[in-house]
Each structure stands twice: as structure tokens, then as C-alpha cells.
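Next come the chains, spelled out residue by residue.
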Amino acid sequence: QVQLVESGGGLVQPGGSLRLSCVASGSIFSINVMAWYRQAPGKQRELVASITNGGRTNYADSMKDRATISRDNAKNTVYLQMNSLKPEDTAVYYCNADIRSRAYYTYRNYWGQGTQVTVSS
């Protein structure tokens, strides 16, 4: 069974920073793209950033200058460093990954349970 577990969310003041982490565990053969999404109340889930296993990154325009996504392939972990946070960044942040487990020959898409980020004074 493959699982994604996020950590690092919390309450931060406007202008502050947070670093989210997501660890993939289970019987993993390989991981392709890892990504962070977010969903604010009443809004659709949206992509924040993604990174391939080769390190190629992609960012939402709203986070391009304020976020850095990185990964440690040896630890099956993806990180999201967010700076200059704004109240509109408040959302549940979800980890997402395309993972091939040892039980299957194809990649499947997995979601974490989400971690709350609240930006407020």
C-alpha cells in the first residue's frame, strides 16, 4: 500500500514562510512527477508546483516568485518552500505523485490527506 503523508502546515503571519514536506511510503518501485496542489474554501483544487524525477519544475503563476519545490529521490520526499505568504494563500495543501508500486507495472496517481496552511495576522 502506497501512502503520501504531508507535514509542515500551520498558522503563519502575512509575509512569513513555511516549508511543507511530503513523504511517500510503501512498496514503491519508482516515482515520476511529484506535485503540490491547494484548495481554498469554496474554490477548486489548483496546482501550486510540480517537479519531475529529473528535477524539472513547473509553478503556478501566483506562486512562481514565492515558492520553491524540491525533492529528495533517495527519501521519496518532496518539499515546498513558500515565502512572502499572503492571506489568499490560505488553503489545504495536498501532495500528489505518480507512483509505480512493486505490485503494478503502471504508474498510479496518489494523493495525501492534506495539510492546512493559514495565513493570518
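Our subject is the structure listed above.
Values in this document were obtained by computation on a predicted structure and should not be read as measured data.

A. Here's a closer look at the sheet that holds strand 3 (residues 18–25). Overall, antiparallel pairing links the four strands, which are arranged 1-3-8-7 in an open sheet. In the strand order of this sheet, the two ends are held by strand 1 (3–7) and strand 7 (67–72), each with one partner. Each strand of the sheet is rotated relative to its neighbour by a mean of 15°, with strand direction disregarded. The sheet contact formed by strand 3 and strand 8 (residues 77–82) spans six bridges and is antiparallel. Following the sheet pairing, Arg-19 is matched in strand 8 by Gln-81.

B. Fine view of the nonpolar core. If you look at the biggest cluster of nonpolar residues, it comprises 31 residues, and the most contacted ones within it are Trp-36, Leu-80, Met-82, Tyr-93 and Ile-99. Elements with a contribution of two residues or more to this core: strand 3, strand 4 (28–39), strand 5 (46–51), strand 7, strand 8, strand 9 (91–101) and strand 11 (115–119).

C. Fine view of the pattern of salt bridges. Evaluated as defined, the whole model comprises four salt bridges. The salt bridge partner of Arg-38 is Asp-89, with a shortest N-O separation of 3.0 Å. Of the two residues, Arg-38 is situated in strand 4 and Asp-89 in the loop between strand 8 and strand 9; the sequence distance between them amounts to 51 residues. For the pair shown, Arg-38 and Asp-89 are each scored as buried. Salt-bridge contacts for Arg-66 lead to Asp-89; the nearest nitrogen and oxygen are separated by 2.7 Å. A residue pair is termed long-range when its members are at least 10 positions apart, and Arg-66 in the loop between strand 6 (57–59) and strand 7 and Asp-89 in the loop between strand 8 and strand 9 qualify at 23 residues.

D. Here's a closer look at the pairing of strand 4. Here nine bridges tie strand 4 to strand 9, and the two strands are oriented antiparallel to one another. In the strand pairing of strand 9, Trp-36 is matched with Cys-95. The turn joining strand 4 and strand 5, which pair antiparallel and follow one another in sequence, is formed by six residues; a positive phi near 80° is taken by Gly-42.

E. Region of interest: the packing of aromatic side chains. For the structure shown, the criterion picks out two aromatic pairs. The interplanar angle of 85° and the centroid separation of 6.4 Å between the aromatic rings of Tyr-94 and Trp-111 together place this pair among those described as edge-to-face. Placement of Tyr-94 in strand 9 and of Trp-111 in strand 10 (residues 108–111) is noted, with a sequence separation of 17 residues between them. Aromatic rings pair up to connect Tyr-37, Tyr-94 and Trp-111 into one cluster. Sitting over the face of the ring of Tyr-94, Arg-45 holds its NZ or CZ atom 3.7 Å from the ring centroid. One cation-aromatic arrangement involves Arg-45 over Trp-111; the distance from NZ or CZ to the ring centre is 4.6 Å.

F. Broad picture of the pairing of strand 5. One ladder, built from five bridges, connects strand 4 with strand 5; its direction is antiparallel. When the bridges of strand 5 are listed, Ala-35 appears paired with Ser-50. Where strand 5 lies against strand 6, three bridges are found, and the strand directions are antiparallel. Across the sheet, residue Ile-51 finds its bridge partner in strand 6, namely Thr-57. Between strand 5 and the antiparallel strand that follows it, strand 6, lie five residues; Gly-55 among them carries a positive phi value of about 100°.

Rules and cut-offs
- Residues numbered from 1 in each chain as written.
- Predicted model: local features only at pLDDT ≥ 70, side-chain atom pairs only at ≥ 80, totals over all residues.
- Heavy atoms only, no water.
- Pairing = 2+ DSSP bridges.
- Helix = DSSP H or I, 4+ residues; strand = E, 2+ residues; numbered from the N terminus.
- Axes fitted to C-alpha atoms, helices over the stretch in contact; angles between N-to-C directions.
- Core = buried A, V, L, I, M, F, W, Y, C linked by side-chain atoms within 4.5 Å.
- Buried < 20%, exposed > 50% of the residue type's maximum accessible area, 1.4 Å probe, protein only.
- Salt bridge = Lys/Arg side-chain N within 4 Å of Asp/Glu carboxyl O.
- Phe/Tyr/Trp six-rings, centres within 6.5 Å; stacked < 30°, edge-to-face > 60°.
- Lys NZ or Arg CZ within 6 Å of the ring centre and 35° of its normal.

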